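# Topology and contacts: notes
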Amino acid sequence: MRIACLMMQKNERDLIHPWIVYHAELFGLTNLFVYDNGSTDSETLKILKKYEKFGLNVFYDKSEKRHFENKGEIMSSKIRELDVEGVYDFFLPLDCDEFVGCCIDQRIKIDIAEIEKALHPYQESPEVLTILRAYDNSPVHPDYYLPKDAQRKCFFARNTCASLDIGFHHGKSRLSDKEKKTPIVYFHFHHKSYEAFKKSAYEKLSSRVADFSREALLTHLKERRSGFHLIPGVLKQEEEYNARFELENRVYYPELSQRITELGSQLHVVGETMR
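Here goes a summary of the coordinates provided. (Residues numbered from 1 in each chain as written. Predicted model: local features only at pLDDT ≥ 70, side-chain atom pairs only at ≥ 80, totals over all residues. Heavy atoms only, no water.)

### Overview of the sheet that holds strand 9 (residues 144–148)
- In spatial order, the strands read 6-5-14-8-9-15; together these six strands make up an open sheet with mixed pairing. Each of the sheet's edge strands pairs with one partner strand only, and the pair in question is strand 6 (107–109) and strand 15 (251–252).
- Each of strand 5 (98–104), strand 6 and strand 14 (184–188) is contacted by helix 5 (residues 112–119), which is oriented at about 70 degrees to strand 5, the strand it contacts most. (Pairing = 2+ DSSP bridges. Helix = DSSP H or I, 4+ residues; strand = E, 2+ residues; numbered from the N terminus. Contact = heavy atoms within 4.5 Å. Axes fitted to C-alpha atoms, helices over the stretch in contact; angles between N-to-C directions.)

### Some words on the pairing of strand 1 (residues 3–9)
- Along strand 1, seven of the seven residues are buried, which leaves the element largely enclosed by surrounding structure.
- Of the two faces of strand 1, the one lined by Ile-3, Cys-5, Met-7 and Gln-9 and the one lined by Ala-4, Leu-6 and Met-8 are each fully buried.
- With five bridges joining them, strand 1 and strand 4 (residues 90–94) adopt parallel strand pairing. Bridge pairing links Met-7 to Leu-94 in strand 4.
- Sheet topology note: the strand 1/strand 2 (residues 32–36) ladder contains five bridges and is parallel. (Buried < 20%, exposed > 50% of the residue type's maximum accessible area, 1.4 Å probe, protein only.)

### Considering the sheet that holds strand 7 (residues 128–130)
- The strand order across the open sheet formed by seven strands is 3-2-1-4-10-7-13, and the pairing between neighbours is mixed. The strands lining the two open edges of the sheet, one partner per strand, are strand 3 (57–59) and strand 13 (179–181). Taken over all neighbouring pairs, the strand axes of this sheet differ in orientation by 25 degrees on average, direction set aside.

### As for the packing of aromatic side chains
- Considering all chains together, one arrives at 15 aromatic pairs under this definition.
- Every member of this aromatic cluster is reached through a ring pair, and the members are Tyr-22, Phe-99, Tyr-135, Tyr-145, Phe-187, Phe-189 and Tyr-253.
- A cation over a ring is seen here: Lys-49 above Tyr-60, with NZ or CZ 4.3 Å from the ring centre. (Phe/Tyr/Trp six-rings, centres within 6.5 Å; stacked < 30°, edge-to-face > 60°. Lys NZ or Arg CZ within 6 Å of the ring centre and 35° of its normal.)

### Notes on unusual backbone geometry
- Here Asn-11, not a glycine, exhibits a phi torsion of approximately 55 degrees, which is positive.
- Inspection of the secondary structure assignment puts Asn-11 in the loop between strand 1 and helix 1 (16–27).
- If you check the backbone angles, Asp-105 has positive phi at about 55 degrees while not being a glycine.
- The residue Asp-105 is located in the loop between strand 5 and strand 6 in this model.
- With relative accessibility at 70%, the residue Asp-105 sits in the exposed group.

Pasting the structure below:
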């Protein structure tokens, strides 16, 4: 079984190295396709250049904000291009804060044999494939994850991808109007420390909101425009922001950070090591 992972990122210096080494160990470095969306951070670029020499596929021509807004089409176009080669069985469009695993018999697995076992029944599926759930990180309690069954993320078996949206939440298949849920899960390092979150959110929203006044942000949120999900966090004070990450209902899974450490990297949430 051969699996391609596709990802677009910008200045993800704390996540890019663990993302590369983790997915390279699972799927092979030459099966990773990374689009750099105009990184200016020297450490991020250094890491990309390093692994590019060893076979990582890196594209630097999608460097503008308009490319990020169009990343669904960029990724689906690349998937369709790779489909012509007939090499890959599955295509996983990911973000830099998403790490692939699977859940079998209520147990989380992060080794390739189990992931391939989980995917095997779906090799010829014409439907849009979706993950079982996401496990959201906590910037306050490392290695504790909140299961989110409602998280929508999709991927494709070969020769099925027609289109993707910007967040990879909704895809369309060439062969079916239906979706099929799979045992694949994502560890989602979406949550950053308060200051880092606000910095990142302001950067992402800068081209989307009229201004950063409370009124403008609330209007953007009410109308559910692009990036609206960031606004509740932006409007919170630090104590209120951190209160979201209590331990209740979280799953303790240190194996992921242990695996990445073994591979010569570390997971960080903006300066705080994840183990």
